[in-house]
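Structure assessment
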Amino acid sequence: METLFLSGCSLLLLACVLPFIARITPGKTARRIALFVLLSGLACITTASLICFLSGAECIRLLYSLTPELVFDIHFDSLSSFFISLIGFVSFCTALYSFNYIEHGGTEKRRLVLTALLPLFILSMIMVVAADNMFGFLFFWEIMSISSFLLMMYDREKAETQKAGIFYFVMTQFGTLFLFIAFLLIYRYTNTFDIKATDALPQVVKSFAFIAIFIGFGTKAGIIPFHKWLPYAHSVAPSNVSALMSGVMLKVAIYGLCRFAFDVLQPELWWGFVLLAFGTVSALLGVIYALKEHDLKKLLAYHSIENIGIIVVGLGLYVIFNYYGLEIPANLSLVGALFHTLNHAVFKSLLFMTAGSVVQATGTRNIEKMGGLVKKMPVTAVLFLIGSCAISALPPLNGFASEIMIFQAYLESFELNNPVVEIVMVIGLAAFALMSALAAACFVKAFGVVFLAKPRSREAGKAREVSFGMLAGPAILALTCIVLGVFSFQIISGIGFDLPVPNMLPVSILLLLIILIFAGLLKLFHAPVRISETWGCGIAKQTPAMEYTATGFSEPIVTIFRLIFRTKKSNEKEYFDSAESITKRTEAKITTFKFFEERIYMPLAHLFMKIAAFISQKHNKDLETFMVYAFVTIVLLLVTAGFWL
Amino acid sequence: MIDAILFNDIIHGLFVLIMGTAALIITQRSLTSLFNIYAAQSMILAVMAIVMYIEYGTLNLLFIALLTIIVKTVFIPLFLHNVLKRIPVKRDLQFSFLSPASSILISAVLIFIVYFFFTGLAGDMLDDRPLLLGGVIGISLALMGMMIIFSRKKVITKSIGYLTMENGVLLFSLFMAEMPFIIEVLIVIDLLMIIVLAAVLAFGIDSSLEEFHKKLNRLGIWIED
């Protein structure tokens, strides 16, 4: 099994270099070969980790040791093999999708680079999860950050991409900085870089380590308020890359959080509340921000924040229940959170890939310019619908299966016998329920505006169904969505958890029967079909401009949450005459306030710019000034040395 | 071997002379006398090395004295005088950051600071006063050389500052740390390089670094705000 895994890894490495060494063949063939190698490597890795996960075997193997402390090694236990299977499976489908997707847009050279970086990115994510040493962990963590950054900068000429790139790069380094702090703190007290459970840390240090871990992984996972890079980065990246980033890379951060907060350090009660609070805020704000977004990929990115929020809520509940010794709700919330991690990876990459197909077909990301695509791209529409249903947590799909577990865990909180905690739980539950409803509303908007009605622009009218290759990957994921949902009870008890989870199989069979009967009845007793023009309030010629728009759909919700959006509506009119009866010009605007960007990120950035300007002004000087600096430094050193020694 | 008290007196006297020359270097405006004072300072150092050779009998010290006399009191001043003949500058009247008077004041304070903190650092060497004083004055001299570098404008004077710094290092090494002779030689080679470079700069660009800046600015090599 180890051999299988390692050969998979080496196939991935081969796929990295293949596009470059196979220069003789035309680029397309080289890319195909590289992707085939990537696919086979991922198949090996996924099989190996699935075997490991199902058999519950542990395996540790040293790969290379730089010094006795700094080593690269792999360690499979149930947690890491679960995440590796997840990464392997979703990456497999994404790679399948990439076969045709990669051939559109960009220059020949960039496509080659994209093909080469893709396996590197996937391999680094796998190795981060497999690492058993903090050094190896950070090493691959950084490779993951850098390769994803390079992948994201595919359209690097665009100002939008550059802004997103800088945002992402700064944020990811910011997060890594905190990881360094946390790891060095742990090393300081354990004297080893191995990732293993320890209780050597004093209480205060442990708290600091947790905060650093939370900020570090939270930045990568996109927990609010560290989320701002996510919508920017996901929207400008190529769709297969954003599928990987959103579907898989965020999960690596979740893995890190689980591993370091729950396994290496023993959690305390207040950590649970921190996770719960940040998770709830992320889930709620994520979906609220998603509602007003009209950029299809940004909308999905905000939903990633929401779903990461759900996962973090699950982890927080686990800590709280675990502290009070309630085993069933604790397991329920942990398994729910991890199951949701898997589910989110599946349906979010499905949605990103189908969104990528749509964007490629229409040439725009603005959903206001789409519409009517269900007739042009029927298969993509069905796949997107399945993803939407899953992410909106409609039974019997997988999103429902995992969210219900977290709901159940919430409902078990009456057993806690602590009024304060119970009140917190009830507030959290209410926010959680609101979030679920809003998510459904958001995807009604997304699906409705993108696929239904008539095309709103000429590009949307000319869209065509994408090729088979770009449907196969999402189709596998859509099928997985259904399987994971319908057989959720069987899967969870098969793994060995005896949890009070609803058995969805009979429900789905019932549902299917009802649909079949209804369809049959409809077919038998349908009224004769009459085709005519929709009544358009008497207007003779109807245009797509009269359709219900995304802005119109989300307007009531934006108005309800105007406190969060800080929406400002302005309506200016100029008139020709003094009686104000003939309008010359009107301008109406609805602006929303980007709270995090304008109140937190930008002031911070300005502060640093000021410091940087001050320093650069101080250091762009002549020789004399530098000598003064050196002189003053030497005198100060002398004085401090004299005081200390 | 000479009498210990006499040795102490001679050494102390030489220290005073060195401090005097240092003060003169800081304030002197005429370039010719600046070079002469530098030569005199190096000569005093050489004398000090000879005195110490007589006291301790280490052959190294004699070599150092010889090297100092040949290079620093004869060759470098001669070379500098030569350079001076060919450039239009005869005096350095420009000061930045510090005027000569405040330079003197600051160097006085500096010697106190160095003395105060150096006694803490030196530890068990406290009872050997000439050695300790040598270290203190060596460091102060090096710092004063640095002050010359940043407070004087002309390249030639800056090079004198650098040479003074080196003298401070030599003084320090005479008393506090036994420097291998080879390092001494290497330092002297460095000095020669500095002098040659200073000459090139002085010839090429009218002897002030500011003009050098402007030229580089025009070329876009030196980025200034």
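Residues numbered from 1 in each chain as written. Chains lettered and ligands numbered in written order. Predicted model: local features only at pLDDT ≥ 70, side-chain atom pairs only at ≥ 80, totals over all residues.

1. A closer look at the overall build of chain B
- When helices and strands are tallied, chain B shows eight helices and zero strands.
- Moving toward the C terminus, one meets the helices and strands of chain B in the order α-α-α-α-α-α-α-α.
- Scored against the burial criterion, the 225 residues of chain B give a buried share of 36%.
- A fraction of 71% describes how many contacts in chain B between residues 6 or more apart in sequence connect residues 24 or more apart. (Helix = DSSP H or I, 4+ residues; strand = E, 2+ residues; numbered from the N terminus. Buried ≥ 20, exposed ≤ 12 C-beta atoms within 10 Å, placed from the backbone. Contact = placed C-beta atoms within 7 Å.)

2. What about the overall build of chain A?
- Counting its secondary structure elements, chain A contains 24 helices and four strands.
- Taken over C-alpha atoms, the radius of gyration comes to 27 Å for chain A, in line with the 26 Å a tight globule of 645 residues would show.
- Expressed as a percentage of its 645 residues, the buried residues of chain A come to 47%.
- Pairs at least 24 residues apart make up 78% of the contacts formed inside chain A by residues separated by at least 6 positions. (Rg over C-alpha atoms; globule rule 2.2 N^0.38 Å.)

3. Describing the packing of helix H11 (residues 296-323) of chain A against helix H16 (residues 419-451) of chain A
Residue and element names in this part refer to chain A.
- Interhelical geometry of H11 versus H16 gives an angle of 155 degrees and a closest axis separation of 11 Å. Judged by the angle between their axes, H11 and H16 are roughly antiparallel. Crossing handedness for the pair H11 and H16: left-handed. Residues Leu 296, Leu 299, Glu 306, Val 313 and Ile 320 of H11 touch H16, and the partners they reach there are Val 421, Gly 428, Phe 432, Met 435, Ala 439, Ala 446 and Val 450. (Axes fitted to C-alpha atoms, helices over the stretch in contact; angles between N-to-C directions. Parallel < 35°, antiparallel > 145°, perpendicular 65-115°, else oblique. Left-handed = near helix turned anticlockwise from the far one by under 90°.)

4. Quick look at helix H23 (residues 595-619) of chain A
All names here are of chain A.
- Counted at 1.5 Å a residue, the expected span for H23 with its 25 residues is 36 Å, and the 35 Å between its end C-alpha atoms agrees.
- Helix geometry: H23 is bent most strongly at Met 602, by close to 35 degrees, with proline Pro 603 lying one to four residues after it.
- Of all 25 residues in H23, zero are buried; the element is thus mostly exposed. (Expected span 1.5 Å × (residues − 1). Bend = angle between axes of the 7 residues up to and from the residue.)

5. As for the pairing of strand S4 (residues 583-591) of chain A
Residue and element names in this part refer to chain A.
- Counting buried residues in S4 gives zero out of nine residues, a small share hidden from the surface.
- Bridge count between strand S3 (residues 568-575) and S4: eight bridges; the pairing is antiparallel. Counterpart to Lys 568 in the pairing with S4 is Thr 591. (Pairing = 2+ DSSP bridges.)

6. Considering unusual backbone geometry
All names here are of chain A.
- Cis geometry is found at the peptide bond from Ile 224 to Pro 225, where omega equals 10 degrees.
- Here Pro 225 is to be found in the loop between helix H7 (203-221) and helix H8 (229-236).
- Positive phi, normally seen in glycine, also occurs at Ala 393, with a value near 60 degrees.
- Checked against the element boundaries, Ala 393 lands in the loop between helix H14 (378-391) and helix H15 (398-411).

7. A word on the pairing of strand S2 (residues 71-76) of chain A
All names here are of chain A.
- As defined by bridge partners, strand S1 (residues 59-65) adjoins S2 across six bridges and the pair is classed as antiparallel. If you follow Tyr 64 over to S2, its bridge partner there is Phe 72.
- With antiparallel pairing between neighbouring strands as the criterion, S1 and S2 make up a hairpin whose turn holds five residues.

8. Quick word on the environment of Lys 72 of chain B
Residues and elements named next belong to chain B.
- Summarising the element assignment, Lys 72 is placed in helix H3 (residues 59-86).
- A count of 23 C-beta atoms within 10 Å places Lys 72 in the buried class.
- It is 9.1 Å that separates the C-alpha atoms of Lys 72 and Leu 191, two residues lying 119 residues apart in sequence.

9. What about the confidence of the model for chain B?
All names here are of chain B.
- Looking at chain B, the pLDDT average stands at 79 and 82% of residues meet or exceed 70.
- For chain B, per-element mean pLDDT is lowest for helix H8 (residues 209-219), which scores 56, and highest for helix H2 (residues 31-56), which scores 90.
- In the model, residues 219-225 has pLDDT below 50 throughout and makes nine contacts with residues more than four positions away in sequence or in other chains.
- Here the prediction assigns the complex a pTM of 0.75, and the interface score ipTM is 0.77. (pLDDT = per-residue confidence, 0-100.)

10. Here we look at the packing of helix H12 (residues 327-362) of chain A against H14 of chain A
Residues and elements named next belong to chain A.
- Relative orientation of the contacting elements H12 and H14 amounts to 145 degrees, with a least axis distance of 9 Å. When the axes of H12 and H14 are compared, the crossing they make is left-handed. Residues Asn 343, Phe 347, Leu 350, Leu 351, Thr 354, Ser 357 and Val 358 of H12 touch H14, and the partners they reach there are Thr 380, Leu 383, Phe 384, Gly 387, Ala 390 and Ile 391.

11. What to know about the environment of Gly 316 of chain A
All names here are of chain A.
- Within the secondary structure layout, Gly 316 lies in helix H11.
- For the pair Gly 316 and Gly 272, spaced 44 residues apart in the sequence, the C-alpha separation amounts to 4.1 Å.
- Other than its neighbours up to four places away in sequence, Gly 316 contacts Gly 272, Phe 273, Leu 275, Leu 276 and Gly 279.

12. Some words on the environment of Leu 143 of chain B
- Secondary-structure assignment places Leu 143 of chain B in helix H5 (residues 129-151).
- Residues Leu 143 of chain B and Ile 183 of chain B, spaced 40 residues apart in sequence, show a C-alpha to C-alpha distance of 21 Å.
- Not counting residues up to four positions away in its chain, the partners in contact with Leu 143 of chain B are Phe 631 and Ile 634 of chain A together with Leu 110 of chain B.

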